[in-house]
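This is what each chain is made of:
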Amino acid sequence: MLRKLTLAIVVAIGAATAAHAEQGDWQVKIGAHAVDPKSNNGHLAGGTLAAGVDSAWSPTVTLEYSVTKNLGIEVLAALPFEHDVKLNGAKAATVKQLPPTVSLQWHFVPDAKVSPFIGVGVNYTRFFSIDETGPLAGAKLDLGDSWGLAAHAGVDVALAPRWSLTVDARWIDIDTDAKVGGVKVGSVAIDPFVYGVALGYRF
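- Under an unreviewed UniProt entry, the protein chain has the name Outer membrane protein and belongs to Dokdonella fugitiva.

Shown next, in the form of structure tokens:
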């Protein structure tokens, strides 16, 4: 399913760029977003350890190409998010992650002062810079990369002909396999809501 959706988005990007280049309309947005994982992230080591991932925030940037007035193709990028990882409530590690996401966006009333939109896409999350502590001090924790679906909704508020303010939220399917000392100890379902604000400029 993910492969089909990814292929569909890539084909749509190519076809749209080739067929509608003369209608091209780009928008860049710079803002800040919080990644808020679900409260129960799973159990490791045969169910003896409850895993928890704390929230984090980071500056973000998105770039959207308008295929038509209503349909856009958006890429989300960010500086690394840094999360605390807990086992049975005790801090066990800090980890950084990057969650680039590509989405197809539908803008319901693009010429209105207040323009709501929805989107669906594909997310890739990479975990790195893991620093073990507490119950994992001296051990090596590895978290595998994640591919998942993403849903997006928000509102653009026009401030000036080229400027806008966006308030939005995403849900992202993020699941990672956890290994300690090279041995898989279970999977962590992060599945966060990502919400924030951004200032946009259209060119």
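### Description of the side chain of S103
Here is step 1: Inspection of the secondary structure puts S103 in strand β8 (residues 101–107).
Here is step 2: Classification of S103 by relative accessible area gives buried; the value is 1%.
Here is step 3: Ignoring sequence-local partners within four residues, the contact set of S103 consists of G72, I73, E74, V120, G121 and R170.

### Focus: the side chain of T125
Here is step 1: Tracing the backbone through its elements, the reader meets T125 in strand β9 (residues 114–132).
Here is step 2: A distance of 2.8 Å separates the side chain of T125 from the side chain of N123, its partner in a polar contact.
Here is step 3: For T125, the residues in contact, after removing those within four places along its chain, are Q97, L98, P99, D145, S146 and I174.

### Some words on unusual backbone geometry
Here is step 1: The residue N88 is not glycine, and still its phi comes out positive at about 50°.
Here is step 2: When you line up the elements, N88 lands in the loop between β6 (81–87) and β7 (90–98).
Here is step 3: Located in the positive-phi region is D191, a residue other than glycine, with phi close to 40°.
Here is step 4: Relative to the helices and strands, D191 is located in the loop between β14 (183–189) and β15 (193–202).

### Considerations on the confidence of the model for the protein chain
Here is step 1: Across the protein chain, pLDDT averages 91, with 88% of residues at or above 70.
Here is step 2: Below a pLDDT of 50 lies the segment residues 19–23, which in the model reaches eight contacts outside its immediate sequence neighbourhood of four places, other chains included.

### Some words on the sheet that holds strand β13 (residues 175–180)
Here is step 1: Pairing is antiparallel across the open sheet formed by three strands, whose spatial order is β10-β13-β14. The outermost strands of the open sheet, each flanked by one partner alone, are β10 (141–143) and β14. On average, each strand axis in the sheet is tilted by 25° relative to the strand beside it, whichever way the strands run.
Here is step 2: The pairing of β10 with β13 spans three bridges and is classified as antiparallel. When the bridges of β13 are listed, D142 appears paired with K179.

Calculation notes
Positions within a chain are numbered from 1, following the residues in the order the chain's sequence is written. Local features in this predicted model are restricted to residues whose pLDDT is 70 or higher, and side-chain atom pairs enter the listing and the counts only when it is 80 or higher, whereas totals over whole chains, interfaces and linings include all residues. Hydrogen atoms and water are omitted, and side-chain values are computed over all heavy atoms in the structure. Each helix is a run of DSSP H or I of at least 4 residues and each strand a run of E of at least 2, with the numbering of both proceeding from the N terminus. Each residue is placed in one exposure class: buried if its accessible area under a 1.4 Å probe, protein chains only, is under 20% of its type's maximum, exposed if it is over 50%, and partly exposed if it falls in between. Contacts: residue pairs with any heavy atoms within 4.5 Å of one another. In protein, a polar contact means a hydrogen-donor-capable atom and an acceptor-capable atom, both N or O and within 3.5 Å, with residues adjacent in sequence counting only if both atoms are side-chain atoms; elsewhere, any N or O pair within 3.5 Å suffices. Confidence of the prediction at every residue is given by pLDDT, a number between 0 and 100. Strands qualify as paired when DSSP identifies two bridges or more between them. Axis definition: a line fit to C-alpha positions, over the contact stretch in the case of helices; interaxial angles, taken between N-to-C directions, run 0 to 180 degrees.

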